[in-house]
Amino acid sequence: MTDEDLRTQLAKADPCPPTQPVDGAGSPRAQNLLEDVMSTPIDHPAAEHPTGQPSTNAHRSRRWAAVLAGAAGVAVAAALVANASLGNSPELPPLALAMPAADSLGSCVVFDASLLAAVPVAFSGTVKDVTDDGVVLDVDRWYASDAGEPSQVELSIADGPNSAALDGVDFTTGQRYLVSATGGVVNGCGFSGPATAEYEAQFTAAFAN
């Protein structure tokens, strides 16, 4: 078979040959073609001609099924890419820390940025809730963490002389704080406290590396 013969056979099999233009999506021929494709069952067995060859409708059914499957695959892939680009990941549970015992603040180490840089946990966040049992903070920045980076931190208050106060400063709902912790316990003595521009600059400098 020559190339010209092949082109002739393909032209005969084309449901939309160039000799029969569709003339736009709103033309009667375009509507008839669309209705023909949409009305052809996808899951019916392929009808055969007496020659044993699949009918034209069977070809259309398989082609339409392939188009739908491809569209579904593209949609799933797009959703996965969107989630990846947004950085979506399973939410970590709140990090649990304990407030220091009131008597542990009797003697303090003088604040030093090099000592702050060595702590395993440091973050800034706004107090969401204060109860008799503890404090919940919504974290807006992690400077250091040895247990992931959850969006919330819960500070528990043990029974006894402890309270929702650190170095004489109460944790107040709606206020923002800079907090560091060692061994699961919040550090006092100037290593945690209300967020100010100067204090935040010290945290930024300490954890710059």
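Residues numbered from 1 in each chain as written. Predicted model: local features only at pLDDT ≥ 70, side-chain atom pairs only at ≥ 80, totals over all residues. Heavy atoms only, no water.

Observations regarding helix α5 (residues 197-206)
Every α-helix carries 3.6 residues per turn, so stepping three or four residues along brings you back to the same face. The criterion, for reference: Each residue's exposure class comes from its accessible area (1.4 Å probe, protein chains only) as a fraction of the maximum for that residue type: buried when under 20%, exposed when over 50%, partly exposed otherwise. Strands are runs of DSSP state E lasting at least 2 residues, helices are runs of H or I lasting at least 4, and numbering of each runs from the N terminus. An arc is given here, and it is the one of the directions from the helix axis to the C-beta atoms. Should any heavy atoms of two residues lie within 4.5 Å, those residues are considered in contact.
Considered for burial, the residues of α5 that qualify are Y199, F203 and A206. Taken down its axis, α5 places every buried residue within 70 degrees of arc, on the same side. In this structure, α5 carries A197, E198 and A205 as exposed residues pointing more than 90 degrees from its buried face. Looking at the packing, one finds that the buried side of α5 touches α4 (113-116), β2 (121-130), β3 (134-144), β7 (176-182) and β9 (193-194).

Here we look at the pattern of salt bridges
Let me state the cut-off plainly: Here a salt bridge means any side-chain nitrogen of Lys or Arg lying within 4 Å of a carboxyl oxygen belonging to Asp or Glu.
Scanning the model with the defined rule gives two salt bridges in all. Here R176 makes a salt bridge to D140, at a shortest N to O gap of 3.0 Å. Taken together, the positions of R176 in strand β7 and D140 in strand β3 put the pair 36 residues apart, joining distant regions of the chain. Under the relative-accessibility criterion, R176 is labelled partly exposed at 27%. In this structure, the salt-bridge partner of E200 is R176, at a minimum N-O distance of 2.7 Å.

So, the pairing of strand β4 (residues 152-156)
Remark: a regular strand shows side chains that alternate across the two faces of the sheet. What counts here: Between any two strands, at least two bridges found by DSSP are needed for them to pair.
Note: strand β1 (residues 95-98) against β4, four bridges, orientation parallel. Bridge pairing in β4 places L97 opposite L155. In terms of strand pairing, β3 meets β4 through five bridges, oriented antiparallel. Opposite V136, over in β4, you have E154 as the bridge partner.

What to know about the packing of aromatic side chains
Condition: Aromatic rings from Phe, Tyr and Trp, with only the six-membered ring used for Trp, were paired whenever their centres fell within 6.5 Å, and each pair was classed as stacked if the ring planes differed by under 30 degrees, edge-to-face if by over 60, and tilted otherwise.
With the rule as written, the count across this model stands at eight aromatic pairs. Residues F171 and Y177 carry aromatic rings whose centres are separated by 4.6 Å and whose planes lie at 50 degrees to one another, so their mutual orientation is tilted. One aromatic cluster in this structure is built from F111, Y143, F191, Y199, F203 and F207.

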